[in-house]
Each structure stands twice: as structure tokens, then as C-alpha cells.
Amino acid sequence: QVQLVESGGGLVQPGGSLRLSCTASGSISSPNAMAWYRQAPGKEREWVATITRYGTTTVRDSVKGRFTISRDNAKNTMYLQMNSLKPEDTGVYYCNTNLPISTIRAWGQGTQVTVSS
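Residues numbered from 1 in each chain as written. Predicted model: local features only at pLDDT ≥ 70, side-chain atom pairs only at ≥ 80, totals over all residues. Heavy atoms only, no water.

Draft legend 1. The arrangement of the side chain of E6 in detail. Position of E6 relative to the elements: it lies in strand β1 (residues 4-7). Engagement of the side chain of E6 in a polar contact is seen with the backbone nitrogen of C95, the distance being 3.0 Å. A polar contact is formed between the side chain of E6 and the backbone nitrogen of G110, at a distance of 3.0 Å. Here E6 is in contact with S21, W36, Y93, Y94, C95, G108, Q109, G110 and T111, once residues within four sequence places are set aside. (Helix = DSSP H or I, 4+ residues; strand = E, 2+ residues; numbered from the N terminus. Polar contact = N/O pair within 3.5 Å; in protein donor to acceptor, adjacent residues only side chain to side chain. Contact = heavy atoms within 4.5 Å.)

Next comes the structure, spelled out in C-alpha cells:
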């Protein structure tokens, strides 16, 4: 089973940028698609962005124009470039296979993103 490790989070002021990385112990090109998810304090985990094995990307409406998902298959790594960050982007960010959240059994530790002045 592929192990996923998220990194790159931190504390940033509103309007700032971060790039998250998701490094896999195996190939990330095998699943049909990979995704980023996030969970804000006191809220349900939610989907953020998806990238298919063919490179097609989709992001949730609230981050369109600000977040970009990408992938480097040679490095078995997926990225989430986050620009123009807002306080409502605060949360723990996770990467995983692109599936309905309720069906995903195993999650990594995630990486904390805090947007605050």
C-alpha cells in the first residue's frame, strides 16, 4: 500500500502563499486520480482539488484562481500551490486517492496551514 506524507504547511499572513507537497512511497500515477483535502477546526473534512493520471485538474470553487494542483510522477510527488491565502483556508491539509471522503479508510498526518495576521 502506498504511504503518503504531507508537508509544507505553516503560518502565513492573509494574502501570502504556501506550497504543499505530498510524497508517496510508491507510484502516484497508478491511481486514476489523486486529491487534496482539508479540515478546518470544528468542521467536516472537505475536498479541495483533484489531478487525474492524465494531468486534468479540478479545484473547488472557493479556491479557484488561487490554488493550483500539480504532480511530478518522476518524484512520486503531488503539490498544491496556494496563493492569496485567506483565513478561511486555515486547516489541516491531506492528500489521498480521489475518492468520496466517507470511503477513505486511511489518512496521513496532514500538514497544518494557518492563515492569520
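Still to come is the rest of the account.
Draft legend 2. Focus on the pairing of strand β4 (residues 33-39). Among the 7 residues in β4, 6 count as buried, and that is most of the element. Relative to strand β5 (residues 45-52), β4 is paired through 7 bridges, and the arrangement is antiparallel. Bridging from a neighbouring strand, Y37 pairs with W47 of β5. The hairpin turn running from β4 into β5, its antiparallel successor, is 5 residues long, and G42 in that turn takes a positive phi close to 75 degrees. Relative to strand β9 (residues 91-97), β4 runs antiparallel, the two sharing 6 bridges. Each residue of the ladder has a partner; that of R38, found in β9, is Y93. (Buried < 20%, exposed > 50% of the residue type's maximum accessible area, 1.4 Å probe, protein only. Pairing = 2+ DSSP bridges.)

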